[in-house]
Amino acid sequence: MAHKIAVIAGDGIGPEVLTEGVKVLNCISQLDSNIQFDFTHFPWGCEFYSQTGKMMDDDGIEQLSQFDAIFLGAVGYPGVPDHISLWGLLLAIRKNFEQYVNVRPVKLLKGAPCPIKGKTEKDIDMIFIRENSEGEYSGTGSWLFKNKPHEVVIQDSVFSRVGCERIIRYAFELARKQNKSVTSISKSNALNYSMVFWDQIFNEVKADYPDVKTTTYLVDAAAMLMVTHPERFEVVVTSNLFGDILTDLGAAISGGMGLAAGANLNPERQYPSMFEPIHGSAPDIAGKQLANPLATLWSASQLLEFFGHKQWAKHLIEAIEYLLVEKTTLTPDLGGNAKTAQVGDAIVKYLIDHYAK
């Protein structure tokens with residue numbers, strides 16, 4: 001049976017990079033008859049908003065609920081406020097489908113550039129498990145006395161016991177499976193309710209995993225240590241906001257945003273999960289075939305792994321590393337002069353050359 005995939009190319013460079021993701025997944029399905037995909041494309045995003053006043057159809061969530069997964073390109077474009085584009089599409093999907101686990105690998109692949117002197121692939125190999133459904137992005141608060149001299153805004157952070165425990169337990173299960181340590185990142189010295197609560201639940205869950213080594217850091221110290229001693233981090237679990245910020249730092253030390261992939265998971269598979277590059281829509285280079293599709297292809301590898309095709313997920317990462325080491329077919333952000341489509345074609349060629357029966 002084919003995996004039903006909803007494709008939302010979105011804005012800016014989204015259509016360009018997602019075209020290559022679909023191309024590579026179709027190649028894999030041609031090489032392996034046990035893997036089939038049924039892609040359905042949706043025109044949602046900022047251009048759709050400019051025409052309709054909505055980021056997606058009114059029944060968009062209902063439409064998407066019929067799919068096994070969502071493959072997203074990018075969201076955001078000048079002229080549409082970021083809080084409109086983000087909440088109208090990306091966060092709406094995450095929240096409605098209980099995609100409470102955000103998985104972002106921070107791994108230095110072979111051949112990828114690293115700005116930290118003396119660090120290699122052995123030193124930068126971590127995976128961030130970011131709480132993805134509440135916390136600082138709960139969307140609640142108040143705006144009082146708006147447009148008056150004494151106006152006040154209140155932005156709430158919502159941390160539930162269920163939300164904290166399930167994401168922390170997910171991180172421990174992953175660490176146990178991979179024989180790795182867990183690092184919790186919070187800011188309990190300053191955030192005396194939410195982060196004290198987070199630390200308390202982390203310690204409670206930790207007691208159930210005596211075989212897993214643990215470390216805790218404040219977020220500012222963690223940011224410093226990710227640069228000075230990245231080898232300290234293996235499985236990292238943290239809140240929505242801290243995870244968002246630190247994974248961009250992680251991208252900077254592991255090859256750049258063009259290699260930054262992300263998965264938004266509903267582990268129970270009650271709803272579709274969503275896979276996306278995290279680099280944004282980059283409207284300044286949209287339509288020029290300059291965008292790096294490797295982050296999209298890495299997220300396609302995450303999609304394959306989620307569906308149980310672990311060997312093909314591994315082969316796709318191998319193909320990406322081949323291009324990074326060879327350095328003849330890379331986009332300008334990685335020092336090359338290849339077009340977006342040429343990178344996708346090179347990945348397809350590698351897979352056919354190595355795995356065609």
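Residues numbered from 1 in each chain as written. Predicted model: local features only at pLDDT ≥ 70, side-chain atom pairs only at ≥ 80, totals over all residues. Heavy atoms only, no water.

1. Quick word on the domain arrangement of the protein chain
- Structurally, the protein chain comprises domain 1 (1-99 + 261-356) and domain 2 (114-254).
- For domain 1 versus domain 2, the distance between C-alpha centres works out to 25 Å.
- With 10 residues of domain 1 at the interface, the matching set in domain 2 holds 11 residues.
- Summing both sides of the interface, domain 1 and domain 2 together bury roughly 790 Å²; the carbon and sulfur share of this comes to 43%.
- At the boundary of domain 1 with domain 2, the tally comes to one salt bridge.
- Salt-bridge contacts for Glu-98 lead to Arg-166; the nearest nitrogen and oxygen are separated by 3.1 Å.
- Put simply, domain 1 and domain 2 have five residue pairs in polar contact (both at pLDDT 80 or more) between them.
- Secondary-structure elements contributing two or more residues to the side of domain 1 that touches domain 2 are helix H4 (82-96) and strand E11 (261-265). (Domains from an automatic or database assignment. Contact = heavy atoms within 4.5 Å. Buried area = accessible area lost by both parts, 1.4 Å probe. Salt bridge = Lys/Arg side-chain N within 4 Å of Asp/Glu carboxyl O. Polar contact = N/O pair within 3.5 Å; in protein donor to acceptor, adjacent residues only side chain to side chain. Helix = DSSP H or I, 4+ residues; strand = E, 2+ residues; numbered from the N terminus.)

2. Let's talk about the sheet that holds strand E12 (residues 273-277)
- Strand order in this open sheet of 10 strands is E2-E1-E3-E12-E11-E4-E5-E10-E8-E9, and the pairing throughout is mixed. Both edges of this open sheet fall to strand E2 (37-42) and strand E9 (214-218), since each of them pairs with a single strand only. Shown here is a sheet whose adjacent strand axes are inclined to one another by a mean of 20°, direction ignored.
- Its contacts with the sheet place H4 against strand E1 (3-10), strand E3 (69-74), strand E4 (101-107), strand E5 (125-131), E11 and E12, and it is angled at close to 145° to E12.
- Here helix H8 (residues 240-253) sits on the sheet in contact with E4, E5, strand E8 (182-186) and strand E10 (235-238), set at roughly 155° to E5. (Pairing = 2+ DSSP bridges. Axes fitted to C-alpha atoms, helices over the stretch in contact; angles between N-to-C directions.)

3. A few points about the pattern of salt bridges
- In this structure the tally under the stated criterion is 15 salt bridges.
- The partner of Lys-54 in a salt bridge is Asp-58, with the nearest N and O atoms 3.4 Å apart.
- Ionic pairing is found between Asp-125 and Lys-107, a salt bridge with its closest N-O pair at 3.5 Å. Here Asp-125 is found in strand E5, whereas its partner Lys-107 is found in strand E4, with 18 residues between them in sequence.
- Its relative accessible area of 27% is what places Asp-125 among the partly exposed residues.
- Taken together, the salt bridges that share partners define one network made up of Glu-20, Lys-23 and Asp-345. (Buried < 20%, exposed > 50% of the residue type's maximum accessible area, 1.4 Å probe, protein only.)

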